[in-house]
Amino acid sequence: MYGDILLSRADGVATLTLSNPDKLNAVDAQMWRALRSHMDSLNADPALRCVVLRGDGDKAFAAGGNIEEFLTVRATVDDALHYHEELVAAALEAIRNCPVPTVAQIQGACIGGGLEIAGCCDIRIAGESSRFGAPINKLGFSMYPGEMAGLLQLVGPAVLLEILLEGRILDAREAWAKGLLSRVVDDERVEQETNATVQRILKGAPLVARWHKQWVRRLQTGHALSLEEKRAAFDFLGTADYQEGLTAFLAKRSPVFKGC
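What you see is a predicted model; the values in this text were computed from it and never measured. Along each chain, residues carry numbers from 1 onward, in the same order as the chain's sequence is written. Per-residue local features of the predicted model are confined to residues with pLDDT of at least 70, and side-chain atom pairs are confined, for both listing and counting, to 80 or more; whole-chain, interface and lining totals are unaffected and use all residues. Hydrogens and waters are ignored; side-chain quantities use all the structure's heavy atoms.

1. Here's the deal with the pattern of salt bridges
When a carboxyl oxygen of Asp or Glu is within 4 Å of a side-chain nitrogen of Lys or Arg, the pair counts as a salt bridge. As enumerated under the stated definition, the model contains 17 salt bridges in all. The residue Glu128 makes a salt bridge to Arg173 at a minimum N-O spacing of 2.5 Å. Here Glu128, found in the loop between strand E7 (123-127) and strand E8 (131-133), pairs with Arg173, found in helix H6 (residues 172-177); they are 45 residues apart in sequence, far enough to count as distant. A relative accessible area of 31% places Glu128 in the partly exposed class. Between Glu166 and Arg168 there is a salt bridge, with its nearest N and O atoms 3.4 Å apart. Numbering of helices and strands runs from the N terminus; a helix is a DSSP stretch of H or I covering at least four residues, while a strand is a stretch of E covering at least two. Each residue is assigned to one of three classes by its accessible area relative to the maximum for its type, calculated with a 1.4 Å probe on protein chains only: buried under 20%, partly exposed between the two thresholds, exposed over 50%.

2. Remarks on the packing of aromatic side chains
Aromatic contacts are taken between Phe, Tyr and Trp rings whose centres are within 6.5 Å, Trp giving its six-membered ring; a plane angle under 30 degrees counts as stacked, one over 60 as edge-to-face, and the others as tilted. Under the definition given, this model contains 4 aromatic pairs. Taking the centre distance of 5.7 Å and the plane angle of 80 degrees together, the rings of Phe70 and Phe141 count as edge-to-face. With Phe70 in helix H2 (residues 70-73) and Phe141 in the loop between E8 and helix H5 (145-166), this residue pair connects regions lying 71 residues apart in the sequence. We classify Phe141 as partly exposed; its relative accessible area is 22%. Arranged with centres 6.0 Å apart and planes meeting at 50 degrees, the rings of Phe234 and Phe236 form a pair that is tilted. The rings of Phe70, Tyr83 and Phe141 are connected pair by pair, giving a single aromatic cluster. Charge-over-ring contacts are defined here by two conditions on Lys NZ or Arg CZ: a distance within 6 Å of the ring centre and an angle within 35 degrees of the ring normal. A cation over an aromatic ring shows up here: Arg74 above the ring of Phe70, its NZ or CZ 3.9 Å from the ring centre.

3. Structural notes on unusual backbone geometry
One non-glycine residue with positive phi stands out, namely Leu24, at about 55 degrees. Assignment of secondary structure puts Leu24 in the loop between strand E2 (13-19) and helix H1 (29-43). Unlike most non-glycine residues, Lys252 shows phi in positive territory, near 55 degrees.

4. As for the pairing of strand E1 (residues 4-10)
Here, any two strands with at least 2 DSSP bridges between them count as paired. Strand direction decides the pairing type here: E1 and E2, joined by 7 bridges, are antiparallel. Within the sheet, the bridge partner assigned to Leu6 lies in E2 and is Thr17.

5. Looking at the sheet that holds strand E4 (residues 60-63)
With mixed pairing, the 4 strands of this open sheet are ordered in space as E4-E6-E8-E9. The outermost strands of the open sheet, each flanked by one partner alone, are E4 and strand E9 (170-171). As judged from the 3 bridges shared by strand E6 (residues 109-111) and E8, these two strands associate in the parallel manner. Bridging from a neighbouring strand, Ala109 pairs with Arg131 of E8.

Structure, rendered in structure tokens:
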């Protein structure tokens, strides 16, 4: 029985649910394929405003990969390279490349592949009882380099090595202290806080959210901005939303942005 990635959409917000409830939403090969496919489609949608990733139910965001299938999907080096590069790393990169804000709604276990998925999101909101880690050293295999990128960018080499070398499971407060999480709330408030976060994002100008993501990623390359890029940073001056934002501010009313 395979798991699935469920997609729902409303008012410019897409919700992707990692669904494999009999296995604490462990992500199998079919789910990695579906996750990449959904993200590729969403990333090309100009009407999209935000993406929420969550687990099915409240027991787990995702408790890692589906270990049972590793004997077949990773039977040889070629098989393993295909699985981890073309399925897992490609899906994670699609999340990281999303041009609009991504929010991870985390309840329960967020382990291994689940931690990798959450680590690629822009904002991560977790409940007090959620747990985090990647204890794959106890299974005799290492994290594929192509899957490390999001976590390395998020917490840096020292914390990532601590997680991988010890294989320890962290509680939500320690995960927050180490930079894995944006915020921790009471378990019963996780969905409420996620929805509030999405609403705050939706109140902003759509193009501005996309530009902020674009420039943050660009600055992380370490290369100096060209004059052309510096000028492009002021493209907002020609937008109707910029005029609306200023007009609304001066009129002391809420702006109505249209994404143009």
